[in-house]
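Observations on the model geometry
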Amino acid sequence: MRLRILIILSALFALLWSTSCRKDFEYAESDGHLSFSRDTVYLDTVFTNIGSSTYTLKVYNDTKDDIIIPNISLRNGNESFYRLNVDGIAGKEFADTPIYAEDSLFVFVETTIDITDNSINELLYTDAILFDNASFQQTVELVTLAKDAIFLYPDDTNENAIETIVLYNDETGNPISVDGFELSDNHLNFTKEKSYVIYGYAVVPKGKELIIDPGTRVHFHENSGILVQEESTITINGELSSDNSLLENEVIFEGDRLEPEFENISGQWGAIWISSGSINNTINHLTIKNAELGIYVEGQDTEEPQTLNITNSSIFNSSRYNLWARNAKINASNIVLGAAGNSSLIIENGGSYSFTHATIANYWNKGFRFNTSLSLSNASKTNVENGFDLLNADFKNCIIDGNSSNEISLETNSQNIFNYTFQNCFIRFNKNQSSSSENSLYNFENDEYYFNVILSGELDYFQPFENDYRIGLNSDAINKGDENTAISTPFDIIGSTRLPNPDLGAFQAIEKDL
């Protein structure tokens, strides 16, 4: 009996096995009837020798038959700058790839392009993925724009290399350290001929000046930036552009990911760090975007000259602060400090400051923001007992705004000097929604500190959540500026005349073109 059961079970198992197995000869060869998720794969712009993101192509078998694709390869062969991965297998050529009936397979595409001709700054590189052979062959085109660049990074063989740099102590007192290296003399003048890509912190040597020419593009890798150390200087000589889209003469600092999906991702790189003891730094027509901290400026409690003079510049989409100043001496005009994860502008430990025709507006929309757009203090948030004199913080013809009900924070330790003035400014402040409304620092009727301020109204920005703070013709900031103040800054940040009727902020009102 037991033998009979074993025989029957063996027979059933053999029958099931024979009917469930697929054999290679059951596949038909592809006959040119594949379809694709796209006929051309455009890989976004990359820097030479830097790998791209991974792009996906889906290949469909719309027939009722299981098929074999005899060959999948690249038109440029093994010398192609593209790399493929077909259903989990990496390579540049694949034989006898199956696709079941009415099924699909994934092809992943990457590239690393090497520009060897030094006379070429950009290269449009093309190739194609070939499916099948001869008369049944189908193709999907591949297109990538590659840019040549000058790469700056720590070099272990460089005797001037700096292994570790302590930038600052965080909110808990822990030191923040980064890798860095000193710039050599032949890299102390950035030009627009090629983009610059920086890995780590590029340090301006003591006694040296880093000069950046109009139209220069500087890209920073993660945890990278520029450190202007004691006794060194940075001079950024951007100029007004004729095309406000191309910004051909603007100096632009941003991350090194060129794909469109990274266009508005904050915190991609570190900061521009101006250390205590660095003086006479000058910035004109600079755009900084997507940093952790746009510019950090640290001064000294001395009668030192100006720490920083910044004009016609924009800083936005920083994950922490756009501009963080500690006991510095800053003169700023025609600047935009837009969205940031904390404050657009934070001033701590006193100092001396003048802001004229500044738009300080924080329309952060990437999460909760607990800080005001403008934060002003004569002490440190981490050490309120150790204060410094705030000799002056003058805001004239400015906008202080954001998407919170109150966008100004004033804190004094009541021991050191705390001098501030707001003249002809728009300040977003709702007394009914502020716990500080009874604080004498916010007595907007006190003309010793406030003169011709506007506390509410419609500013009529173009696209504040896109950091476009141009104002339209329905703005309550129109003609509210002081003409005598505007004489020192007669043109707005994009070159429009603001006299004789200056508007508040960095922009004169224009008709919206959206």
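Residues numbered from 1 in each chain as written. Predicted model: local features only at pLDDT ≥ 70, side-chain atom pairs only at ≥ 80, totals over all residues. Heavy atoms only, no water.

**Considering the overall build of the protein chain**
Rules: We count a stretch as a helix when DSSP gives it H or I for four or more residues in a row; a strand needs E for two or more, and each element gets its number in order from the N terminus. In this treatment the radius of gyration is a C-alpha quantity, and the globule benchmark scales as 2.2 Å times the residue count to the 0.38 power. Exposed residues in this analysis have more than 50% of their type's maximum accessible area, buried residues have under 20%, and partly exposed residues fall in between, with area computed by a 1.4 Å probe over protein chains only.
Helices and strands together make up the secondary structure of the protein chain, namely 2 helices and 38 strands. Against the 2.2 N^0.38 benchmark of 24 Å for 514 residues, the protein chain shows a C-alpha radius of gyration of 30 Å, more extended than a compact globule. With the C-alpha coordinates aligned to their principal axes, the bounding extent of the protein chain is approximately 105 × 55 × 55 Å. Taken over 514 residues, the protein chain has a buried fraction of 49%.

**Some remarks on unusual backbone geometry**
Note that the residue after L499, namely P500, is joined by a cis bond; omega there is 10°. Locating P500 in the fold gives a position in the segment after α2 (483–486). Positive phi values are uncommon outside glycine, yet N49 reaches one of about 65°. You can see N49 is positioned in the loop between β3 (40–47) and β4 (55–61). Positive phi, close to 55°, is recorded for N452, a residue that is not glycine. Overall, the relative accessible area of 48% leaves N452 in the partly exposed class.

**Details of the packing of aromatic side chains**
Condition: In this analysis, rings of Phe, Tyr and Trp, with Trp reduced to its six-membered ring, are considered paired at centre separations within 6.5 Å, and the interplanar angle assigns stacked below 30 degrees, edge-to-face beyond 60, and tilted for intermediate values. Two conditions define a charge located above a ring, namely a distance within 6 Å from the ring centre to NZ of Lys or CZ of Arg, and an angle within 35 degrees of the ring normal.
By the definition in use, this model includes 26 aromatic pairs. Centroid distance Y27 to Y100: 6.2 Å. Interplanar angle 15°. Geometry classified as stacked. In this pair, Y27 is assigned in the loop between α1 (2–20) and β1 (28–29) and Y100 in the loop between β8 (93–99) and β9 (103–111), connecting sequence segments 73 residues apart. Take Y100: its relative accessible area is 41%, and that puts it in the partly exposed class. Between F444 and Y450, the ring centres sit 4.6 Å apart and the planes meet at 55°, which makes this aromatic pair tilted. As far as the burial class goes, F444 and Y450 line up, both buried. In textbook terms, an aromatic cluster arises when at least three aromatic residues are bridged by ring pairs, as seen for F355, F395, F418, Y420, F422, F429, Y442, F444, Y449 and Y450. Looking at K366, its charged tip hangs above the ring of W364, at a distance of 5.4 Å from the centre.

**Overview of the sheet that holds strand β7 (residues 89–91)**
Convention followed: Paired strands, as defined in this entry, are two strands with at least two bridges between them according to DSSP. Helix axes are fitted only over the stretch in contact, all axes being lines through C-alpha atoms; the angle between N-to-C directions runs from 0 to 180 degrees.
Read from one edge of the open sheet, 5 strands run β2-β4-β9-β6-β7, paired in antiparallel fashion. Each end of this open sheet is capped by a strand with a single partner; those strands are β2 (34–36) and β7. Ignoring strand direction, the axes of neighbouring strands in this sheet form an average angle of 25°. Direction of pairing for strand β6 (residues 82–86) relative to β7: antiparallel, over a ladder of 3 bridges. Its bridge partner being in β7, V86 is matched across the sheet by I89.

**As for the environment of Y42**
Put simply, the rule reads: A contact between two residues is defined here by any heavy atoms of the two lying within 4.5 Å.
Positionally, Y42 belongs in strand β3. C-alpha of Y42 to C-alpha of P175: the two residues are 133 residues apart in sequence and 43 Å apart in space. Once you skip the residues sitting within four places of it in the chain, Y42 turns out to touch Y55 and V143.

**Some thoughts on the state of the cysteines**
How we decide: Two cysteine sulfurs form a disulfide in these notes if their separation is within 2.5 Å.
Throughout the structure, instances matching the rule amount to 0 disulfides. Here C398 stays free of any disulfide, with the sulfur of C425 as its closest cysteine sulfur at 4.6 Å. Take C398: its relative accessible area is 0%, and that puts it in the buried class. Overall, the relative accessible area of 0% leaves C425 in the buried class.

**Regarding the side chain of E254**
Looking at the element boundaries, E254 is found in strand β22 (residues 251–255). Setting aside its immediate chain neighbours within four residues, E254 contacts V218, H219, F220, W269 and K289.

**Let's talk about the nonpolar core**
Note the threshold: Here, nonpolar core means buried Ala, Val, Leu, Ile, Met, Phe, Trp, Tyr and Cys residues that are tied together by side-chain atoms lying within 4.5 Å of each other.
Counting 63 residues, the largest nonpolar core has I226, F253, I295, F355, F395 and F422 as the members making the most contacts within it. For this core, the element with the highest residue contribution is strand β28 (residues 321–337), accounting for 7 residues. Discounting chain neighbours no more than four positions away, the residues touching I226 are I198, Y201, A202, V204, L210, F220, I234, F253, A271, I272 and W273. With 27 residues, the next largest nonpolar core counts L34, L84, V86 and I115 among its residues.

**Here's the deal with the environment of I265**
Position of I265 relative to the elements: it lies in the loop between β22 and β23 (269–274). Residue classification places I265 among the partly exposed residues on the basis of a relative accessible area of 40%. Sequence spacing of I265 and P175 is 90 residues, and the spatial spacing of their C-alpha atoms is 25 Å. For I265, the residues in contact, after removing those within four places along its chain, are N290 and N317.

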